Amino acid sequence: MITDRLLSGLVLLQVAAPAATLAAVGLPAVLGITVRERGITRIVGAGFTIALAAALAALGILAARGFTPHNVHMGTWFHVGHHEATVDLVADALSIPFVCFSTGLCGLVNAFAGKYLHREPGFTRFFILLALFGTGMNLLVLAGSIDVLFAGWECVGISSTLLIGFFHDRVAAAAAAVRAFVTYRICDAGLLAAGVVLHAATGSGDFERAISGGWPGGTCLLSPGTALVVALLLIFAALGKSGQVPFSAWLPRAMEGPTPSSAIFYGALSIHAGAYLLLRCEAILEAAPLAAWLLVAIGAGTAIHATLVGSVQTDLKGMLAYASMTQAGMILAEIGLGWRVIPLVHVISHAVLRSLQILRSPSALHDRHELAAALGGHPGPDGWSLVRVLPPAVRTAVDHIALERGYEEAVIGRLVVEPVLGALRAAAAFERRVVALLAGDVPPLRRGGDR
Amino acid sequence: MSDSDAILAALGVSIAAPALGAAATRWTPLVRSARTVAVTTATIALAAAGLAAWWWHHGNGAAISRGDPLAGGAPVVFDGLTALAVPYAALVQLAILVAAPKRALDGEAVPRLLAGGAATLALLATAHPVLLVLLWVATTVPTFLSLRASPGGLPAARVYGRTMAVAVACLAAGCLFLVRDPPWRPGHGITGDIGGWLVAVAVMLRKGVFPLHSWYPAIYASGAYGTALAATMAHTAGATAIRLLVGHADGVAAELVFLAQAALVTTVYGAALAVVQRDLRGLVGTLAMSQSALVLAGLAGSLPTELCGALAVWISAGLSLTGIGLVAWAIESRAGSVPLDAPQGRADDAPALAMFFLLFGLATLGLPGTLSFIADDLIVSGALDEQLHAGLLVILSTVFAGIALVRGWFTVFGGPAPVDRPRHPILPRERVVFTTLLALLVGLGLWPGPLVTSLERIAGSLLASRHDAPSSSLPTDPSGGHPP
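So, how was this worked out
Residues numbered from 1 in each chain as written. Chains lettered and ligands numbered in written order. Predicted model: local features only at pLDDT ≥ 70, side-chain atom pairs only at ≥ 80, totals over all residues. Heavy atoms only, no water. Helix = DSSP H or I, 4+ residues; strand = E, 2+ residues; numbered from the N terminus. Rg over C-alpha atoms; globule rule 2.2 N^0.38 Å. Buried < 20%, exposed > 50% of the residue type's maximum accessible area, 1.4 Å probe, protein only. Contact = heavy atoms within 4.5 Å. Salt bridge = Lys/Arg side-chain N within 4 Å of Asp/Glu carboxyl O. Buried area = accessible area lost by both parts, 1.4 Å probe. Polar contact = N/O pair within 3.5 Å; in protein donor to acceptor, adjacent residues only side chain to side chain. Nonpolar A, V, L, I, M, F, W, Y, C, P; charged D, E, K, R; others polar. Domains from an automatic or database assignment. Phe/Tyr/Trp six-rings, centres within 6.5 Å; stacked < 30°, edge-to-face > 60°. Lys NZ or Arg CZ within 6 Å of the ring centre and 35° of its normal. pLDDT = per-residue confidence, 0-100. Pairing = 2+ DSSP bridges.

Asker: Can you explain the overall build of chain B? Please cite residues and give values.
Answerer: The secondary structure content of chain B amounts to 18 helices and 2 strands. Taking 2.2 N^0.38 as the reference for a compact globule, 484 residues should give roughly 23 Å; the C-alpha atoms of chain B span a radius of gyration of 21 Å, in line with that estimate. Each principal axis of the C-alpha atoms in chain B carries an extent, and together these give about 75 × 55 × 45 Å. Within the span of chain B, comprising 484 residues, buried residues form 66% of the whole.

Next up, the structure:
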C-alpha cells in the first residue's frame, strides 16, 4: 500500500516537475520579467533532474515488483453525461524506462544548450519550449488514457513547430515550421478521431478498457472492426510525427532549428513518439493484422526511400535527418511484425546515437581535421553502400530519383496541395466579388481576399 | 429585498452602467476623458454582472423572470444562459475598451461602443420576442454607424446594414408568426412553421452562417477591430436561437437540423478560407466566423456533451479570438496594415505582441491546458456521438484553423526585419488585458470542473425544456431551472 502510494507520487512527479519549470520560466516571460540565463538553465535543469530521479526510483520499485503495471488514477478532469475525461497515468515496463531515457536526454540537452545558445536572443524562448516539450513527452509516455496521451502529443507537436521556426528571422526556418505543423495537424486528426472512436466504443479513453493485461502481451478488448479502425487512425497519426512516407517532407527541413532541439526532437524523442504510440497500443495493432501489415509496408518503404535519398544529401544535418527517417521506418516495420522489446531497444539505441551525432554535427569538420591530423593523412574511403553493386545506368536513375526526394513532394503537391489551395483561392475571390456586389458594385474591400 | 430582486438589481446595474456611460460621453461636454468614463462604466458592468452570476449560482439556481411574458417569453430573464453570457459579454466589452488604441476611442467611438454594449447585455437577459427584435436593432445601429465612420468602411457598412435589415425583418416576422401559431403546440398550422424558418434565417444572417455570411469577414476587413469584435463576440444570435428555437427543438426540429448543418459547413469553410487570406484582418475575420458558427452547430445538437461543448466554445473561442483581435489591433495601430503575402518580420520590433498573439493562437487551437482543449474535446465527442460526418467536419475545421493560425503567425512575425524599423513595446494596459484573458483561458482549462458543471446544468435544462415544450408555450426558462 505504501509502495503503491510512493509509486503514484513518483509517477506524478515525473510530469509535475517539468510542468512546474514551464510555469516558473514561462510566467515571468508573460509578465515581462527578465530572468538571467543561468537562472533559466538551472530551473529547467532542476525540473528534469527531479523527474529523472523520480523515474529511476520508480523503475527500481517497478523492477522489484516484477514490472507489474501500476495505474495512477488522478481523478476525473471533467465529465459531461457519459463522456468522461480522466487523468490516468501508468507505470509499466514500457513507460518508466522510456521516461528515464527521455528525461535524461532532455537534461543533457538542457546542459548543452545553456552553453550553445549563450546570448542568443531567443534563449528564454528555447528553454520554455524545452520545458513544454519535456512536460508533453512525459505526459505522452506515462499516459494511461488516450485523452492524456493526446494532450502530451499536442505539446510535443507545438514545441517542435516553434523550435523549427526558432530562428524566425530566416524565411526558410519559418517556412519549415509551417510545413511541419501542417503535417502534424493533418495527422493529429487521426489521433483525435481514434480517441473519439475509443470513447464511443468503451465509454472512456482509458487504455485499460481497450486493452487488458500488462505491456507487452496485452489483449485487445475491442471488436475486430473497431480495432481495425482505431489501428488505422493511430498509424495515420504516427506517420506524421515519425516523418514516414508520404508525410516525410517536413523532416529534413526541420533541421532549420537550433542543433540541440534538432538532436532531441528529430534524432531522439519526437520522431519516436509515433513508435511509442504504436507500442503502447500494440494489442490493438495485433487485433488488426491488416493494419499491422500496412505498417510494415510503410515502414519498410520509408526506410528504403530515406536510405536512397539520404545517400545523395550534401549537408550533414540533412543526411542525419534521412538516417533518422530510415531507422524510424525500420522501427515501425518491426512493430508491425509483432515484435515488442526489439523496437523499444532499437528506439533507445538509435535515439542515443543520433542525438550524439546531431549534437556533434556543428564541429564535424573540426573532428574530421583532427582525425586526419592524428592519422597523418586522409582517413580513407567512405563506407560501402548496396547501391554500388547496381549497374551504372540503374545507379544513375536511382540517384536522379533520390535527388528529387523520390518525387514524394511533387506528387503530394500536384495531387493534393495545389487542388486544395486552388479551390480555396477561387472561393476567396468569389467571396470578394459577392461582398462588392452587396456593397453596391463598388471595388472590392481592401485586401480581404485570397493570396 | 429577496435574492431574486438583488440579482436582477445587479443585472440592471450591469446594463445601465454602460448606457449611462454612453449618454455621458455623448452629451456631456464636461467629460474630458471618454476612455476613463468608458472603462469605469464597463468595469462596473462587469463587476455587477459577475456579482449577479455568482449570487445566482450560489442560490437555488432557478430561473428568475420579471414582467408580462409574451408567448411565454418574459422581458427580463436571469437563468443559466444569462449567468454565463452576460459576465462574458461584459468582460469582452471591458477588454476592448482597455486595450483599444488611443486614437480609436475618440469622438463618437466611445458612446457607440458603450451603447452597443448595453444593448447586447440587455439582449442576453431577455426572452421577450418584441424586446429581442428591438434589441437586435439597438445592437446593430452602433455597429453600422461605426463602420460608416471608419476610413474606407462604407462598403462594409452597406453590406452590414443591408444584411442586418433583412435579418431584423426576418426575426420580426418570424416572432410574429411564432407568437400567433407556436409550432410546438399540437395541431399548429403552416404559419408557425414559416415563423420557425424565418427565425432560423434571421439567426443565420446575424451569425454569419454560410451562405449568408459575407458581412462577417467584411466588417473585420474594413471596420475597426473593436467594432467587429463587439459586434460578433457576444454571440447575440446564438442567444436568440436558444431563446426562440433551441428550447423548442421538438417543434422546430427541421429548422435546427438545417441550422446545425449550415453552421458545420461554415465552420469548415471559414477555417479553410482563413488559410488563404492575404492580410491579418482577413485571417481574424474568417477564423472568427468559423468559430462562431461552431457555437451554433453545437447549440443545435441534441446531446448534453454537444451543448456543453458549444457553450464552452462560446467562452473559449470568444476570449481567445478577442485576444487575437486586440493584439492584431495593437500591431496595426503601430505599424499599419499587415499583409500575409510575404513574411513581415515583426517579431523583433514587437516581441511581446508576438508572444501574446502566439499564446492566443495556441489557445484557439486547443493547446492542452487551455479552455479550448476542453471545448474541442466536448464538441468533437458530442458531434461524433450524434453524427459521424459532423464530428469529422469539426475535426477538419480544427485542422484548417490550426494551419491558418500558425501560417499567420510565422508570416506576420517571421522573416527578416529592416534594421531601421522602430521597436513597439507593449503598453501596460495592453499587457494587463492580454494577461487577464490568458489567465482565464488557462485557469479554466486546468480547472474546468466548476465551469463544465455549470454548462452541463444549462445544457440539461435546455434539453429538458425541449421535451416540456409541446404541451406549453414559450417557456420562460429555456436554459435554467424553473420560474418562481
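Asker: Account for the overall build of chain A, with residues named and values stated.
Answerer: Regarding its fold elements, chain A presents 18 helices and 4 strands. Taking 22 Å as the expected radius of gyration for a compact globule of 451 residues, we find that chain A reaches 24 Å, a close match to that expectation. Overall size of chain A, expressed as C-alpha extent along the three principal axes, is 80 × 65 × 55 Å. Expressed as a percentage of the 451 residues in chain A, the buried residues total 54%. Within chain A, residue pairs in contact and separated by at least 24 positions form 75% of the contacts whose partners lie at least 6 positions apart.

Asker: Talk me through the pattern of salt bridges; I want residue IDs and the actual numbers.
Answerer: For the structure shown, the criterion picks out 16 salt bridges over all chains. Two residues, arginine 280 of chain A and aspartate 92 of chain A, come together in a salt bridge whose shortest N-O distance is 2.8 Å. In this pair, arginine 280 of chain A sits in helix H11 (residues 273-280) while aspartate 92 of chain A sits in the loop between strand S2 (83-91) and helix H3 (95-116), placing the two residues 188 residues apart along the sequence. The same class applies to arginine 280 of chain A as to aspartate 92 of chain A, namely buried. Where arginine 66 of chain B meets aspartate 5 of chain B, a salt bridge forms, and the shortest distance between an N and an O atom there is 3.0 Å. Residue arginine 66 of chain B is found in strand S1 (residues 64-66), and its partner aspartate 5 of chain B is found in helix H1 (residues 3-27); the two are separated by 61 residues along the sequence. Classification of aspartate 5 of chain B as partly exposed rests on a relative accessible area of 34%. Here the salt bridges share partners, and the residues they tie into one network are Arg179, Arg253, Arg405 and Glu409 of chain A.

Asker: Give a description of the interface of chain B and chain A that names residues and reports values.
Answerer: The partner chain A presents 55 residues to the 68 residues of chain B that form the contact. For the chain B and chain A pair, buried surface summed over both sides reaches about 5,300 Å², with 69% attributable to carbon and sulfur atoms. Considering only the side of chain B, the residues that lose the most area to chain A are Val276, Arg278 and Phe410 of chain B, jointly responsible for 13% of the buried surface there. For the interface between chain B and chain A, the tally reads 9 residue pairs in polar contact (both at pLDDT 80 or more). Ranked by residue count, the leading element in the side of chain B that touches chain A is helix H16 (residues 388-413) of chain B, at 11 residues. Grouping the constituent residues of the side of chain B that touches chain A by class yields 42 nonpolar, 14 polar and 12 charged.

Asker: Can you explain the domain arrangement of chain A? Please cite residues and give values.
Answerer: Residues and elements named next belong to chain A. Taken domain by domain, chain A holds domain 1 (2-361) and domain 2 (406-451). Between the C-alpha centres of domain 1 and domain 2 the distance comes to 36 Å. At the interface, 9 residues of domain 1 touch 4 residues of domain 2. Of the roughly 430 Å² buried between domain 1 and domain 2, counting both surfaces, carbon and sulfur atoms make up 44%. Inspection of the region where domain 1 meets domain 2 yields 2 salt bridges. Across the pair arginine 253 and glutamate 409 runs a salt bridge whose closest N-O atoms are separated by 2.9 Å. The residue inventory of the side of domain 1 that touches domain 2, partitioned by class, reads 5 nonpolar, 2 polar and 2 charged.

Asker: I'd like to hear about the packing of aromatic side chains, residue by residue, with values.
Answerer: On inspection of all chains with the given rule, the structure shows 26 aromatic pairs over all chains. With 4.7 Å between their ring centres and 40° between their planes, phenylalanine 123 of chain A and phenylalanine 127 of chain A make a pair best called tilted. Taken together, the residues phenylalanine 123 of chain A and phenylalanine 127 of chain A, both in helix H4 (residues 123-142) and 4 residues apart, mark about one turn of the helix. Residue phenylalanine 123 of chain A shares its accessibility class with phenylalanine 127 of chain A, and that shared class is buried. Ring geometry for tryptophan 409 of chain B against phenylalanine 413 of chain B: centres 5.5 Å apart, planes inclined by 35°, an arrangement best described as tilted. Of this pair, tryptophan 409 of chain B and phenylalanine 413 of chain B both sit in helix H16, 4 residues apart, roughly one helical turn. Pairwise contacts between aromatic rings join Phe123, Phe126, Phe127, Phe166 and Phe167 of chain A into one cluster. In this arrangement the basic side chain of arginine 125 of chain A is found over the ring face of phenylalanine 166 of chain A, its NZ or CZ atom lying 4.6 Å from the centre. Looking at lysine 241 of chain A, its charged tip hangs above the ring of tyrosine 184 of chain A, at a distance of 4.5 Å from the centre.

Asker: Kindly report on the confidence of the model for chain B, identifying the contributing residues and their values.
Answerer: Residue and element names in this part refer to chain B. Summing up the model confidence of chain B, the mean pLDDT is 88 and the portion of residues at 70 or higher is 94%. The secondary structure element of chain B with the lowest average pLDDT is helix H18 (residues 449-468), at 79, and the one with the highest is helix H17 (residues 428-446), at 95. In the model, residues 469-484 has pLDDT below 50 throughout and makes 65 contacts with residues more than four positions away in sequence or in other chains. Prediction confidence for the complex, expressed as pTM and ipTM, is 0.91 and 0.90 respectively.

Asker: Which residues make up the pairing of strand S1 (residues 70-80) of chain A, and what are the values?
Answerer: Residues and elements named next belong to chain A. Where S1 lies against S2, 8 bridges are found, and the strand directions are antiparallel. Note on S2: the bridge partner recorded for histidine 79 is glutamate 84. Counting the residues that bridge the hairpin from S1 to S2 gives 2 residues, and of these glycine 81 lies at a positive phi of roughly 55°.

Asker: Could you give me a rundown of the side chain of threonine 236 of chain B, with the residues and numbers involved?
Answerer: Residues and elements named next belong to chain B. One can find threonine 236 in helix H10 (residues 236-244). Judged by its relative accessible area of 4%, threonine 236 falls in the buried class. Here arginine 206 takes part through its side chain, which lies 3.2 Å from a polar atom of the side chain of threonine 236. Ignoring anything within four residues of it in the chain, the contact list for threonine 236 reads Thr120, Leu123 and Arg206.

Asker: Run through unusual backbone geometry, naming residues and quoting values.
Answerer: For the bond running from valine 245 of chain A to proline 246 of chain A, omega is 10°, close enough to zero to count as cis. Assignment of secondary structure puts proline 246 of chain A in the loop between helix H8 (224-241) and helix H9 (250-253). The linkage connecting phenylalanine 210 of chain B with the following residue, proline 211 of chain B, adopts the cis geometry, with an omega of 5°. In this structure, proline 211 of chain B sits in the loop between helix H7 (190-207) and helix H8 (215-222).

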